[in-house]
Each structure stands twice: as C-alpha cells, then as structure tokens.
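Okay, here's what each chain looks like letter by letter:
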Amino acid sequence: EARMHAAHCLELYMNTEPHPTADLISSIQQLPEWLQEEAVGLSIVQTLLNQKIIQPFPTAVLMMDFYVICMMVINFSTLVVLSIRLRADNDPDNDALGARVVPLYVGIAYFFIRESTQFIGQASLGAFSTYITDATNLLD
C-alpha cells in the first residue's frame, strides 16, 4: 500500500508539469526501480524524455554511436577474414594487418572518451552510485 501511495504522489507531482531539467531526469534515475517503472509509464515523463532526446546534441551522440559501431563491426569482420587468409598462406613475408586495425582503435578511443564523459557527468550530478550500480553500464 505504501508503494501505491508513493506512486500516486509521484503522479500528482508529475501532473504539475515540472520543467524538464537534467536534475529532474537524474532524480527519476535515483528513484527505486519499482518507482522508476511507474514514472516511465507516466505520459508526462515520456513527454519530458522525448523532449530531451530529440534535442540535437543527444541525437548526434546516438547517431555517432551507431556510425562508430557500424564502422567497428565492418572493419572487424573484414580483418577476421583477412587474418584467416594470411594465416592460411603460411607465408612469413605476408604483411601483418598493420594500419588496418586503426579504425578499431579509433572506435575504442571514442567509446572510452564517451563513457568517461558520461561517468564524470553523472558524478557531478551526484548520481555516481546510480551510474556504478546500473547493470547496463557494465556492458558499456
């Protein structure tokens, strides 16, 4: 019953249509998981999240992530096939992969910088523990 009252209070607060700021979104992220699920189900929260996501910078970051991942997958696939061919030749004069792996290192550097920036941003908002305990960040 206490959860139901907390969810109702959250809904009442969100119906006042607070200004969509980073603090509001980080506050939602710091809610208990069961209350986060309630919050995300509210149409006002979905509208707030959509307003934040459709801004040019977050959209550019998502698109850049997509392009870098595509570049890395294509490059990695090509390099695997090439590496298998080079190893099958048993020719010691075969060129190593050399500079062909540079796009992979560029992708690694991009994602390292991106995650570091996200980490620092979350720490500055006081959401460090949320960032660390979020299971999706372990995959990143």
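Here's a quick rundown of the structure.

What counts, and where the lines are drawn
Residues numbered from 1 in each chain as written. Predicted model: local features only at pLDDT ≥ 70, side-chain atom pairs only at ≥ 80, totals over all residues. Heavy atoms only, no water. Core = buried A, V, L, I, M, F, W, Y, C linked by side-chain atoms within 4.5 Å. Buried < 20%, exposed > 50% of the residue type's maximum accessible area, 1.4 Å probe, protein only. Helix = DSSP H or I, 4+ residues; strand = E, 2+ residues; numbered from the N terminus. Contact = heavy atoms within 4.5 Å. Axes fitted to C-alpha atoms, helices over the stretch in contact; angles between N-to-C directions. Parallel < 35°, antiparallel > 145°, perpendicular 65-115°, else oblique. Salt bridge = Lys/Arg side-chain N within 4 Å of Asp/Glu carboxyl O. Patch = residues over 30% accessible without salt bridge, like charges linked within 9 Å, V, L, I, M, F, W, Y side chains within 5 Å. Areas by Shrake-Rupley, 256 points an atom, 1.4 Å probe, with all protein chains shown as cover. Lys, Arg positive; Asp, Glu negative; His and termini not counted. Charge placed at Lys NZ, Arg CZ, Asp CG, Glu CD.

Attention now goes to the nonpolar core. Formed by Ala7, Leu10, Met14, Leu24, Ile28, Leu35, Ala39, Leu42, Ile44, Val45 and Leu48, the largest nonpolar core amounts to 11 residues. Put simply, the parts of the chain that give this core at least two residues each are α1 (2–14), α2 (22–29), α3 (33–41) and α4 (43–53). If sequence neighbours within four positions are ignored, Val45 has contacts with Met14, Ile28, Ala39 and Val40. Judged by nonpolar contacts, the second largest core, of five residues, contains Val68, Leu79, Leu104 and Tyr110.

We now examine the packing of α3 against α4. Following both chains from N to C, one finds α3 and α4 inclined at 80°, their axes separated by 5 Å at the closest point. The pairing of α3 with α4 is recorded here as roughly perpendicular in orientation. Residues Ala39, Val40 and Gly41 of α3 pack against Ser43, Val45 and Gln46 of α4.

So, about the environment of Leu49. Tracing the sequence through the fold places Leu49 in helix α4. Residue Leu49 is classed as partly exposed on the basis of its relative accessible area of 28%. Here the alpha-carbon distance between Leu49 and Thr21, two residues 28 residues apart in the chain, equals 10.0 Å.

Let us now look at the pattern of salt bridges. Inspection of the entire model under this criterion finds two salt bridges. Taking the shortest distance from any N to any O, the salt bridge between Asp65 and Arg114 comes out at 2.8 Å. Here the residue Asp65 occupies a position in helix α5 (residues 56–89), and Arg114 occupies one in helix α6 (residues 102–124), the gap between them amounting to 49 residues. Glu115 serves as the salt-bridge partner of Arg114, at 4.0 Å between the closest nitrogen and oxygen. Accessibility expressed as a relative area gives 14% for Glu115, which makes it buried. A single salt-bridge network, built from bridges that share partners, covers Asp65, Arg114 and Glu115.

Taken together, the side chains of Glu11, Glu33, Glu37 and Glu38 present a region of like negative charge at the surface. Top contributing element to the negative patch by residue count: α3, with three residues. The exposure class of Glu11 is partly exposed, given its relative accessible area of 35%.

With that settled, the discussion passes to α2. Every buried residue of α2 is accounted for by Leu24, Ser26 and Ile28. Turning to α2, the residues buried within the fold contact α1, α3 and α4.

This part is about a nonpolar patch on the surface. On the surface, Met63, Phe66 and Tyr67 cluster together into a nonpolar patch covering about 330 Å² of accessible area. With respect to the helices and strands, Tyr67 occurs in helix α5.

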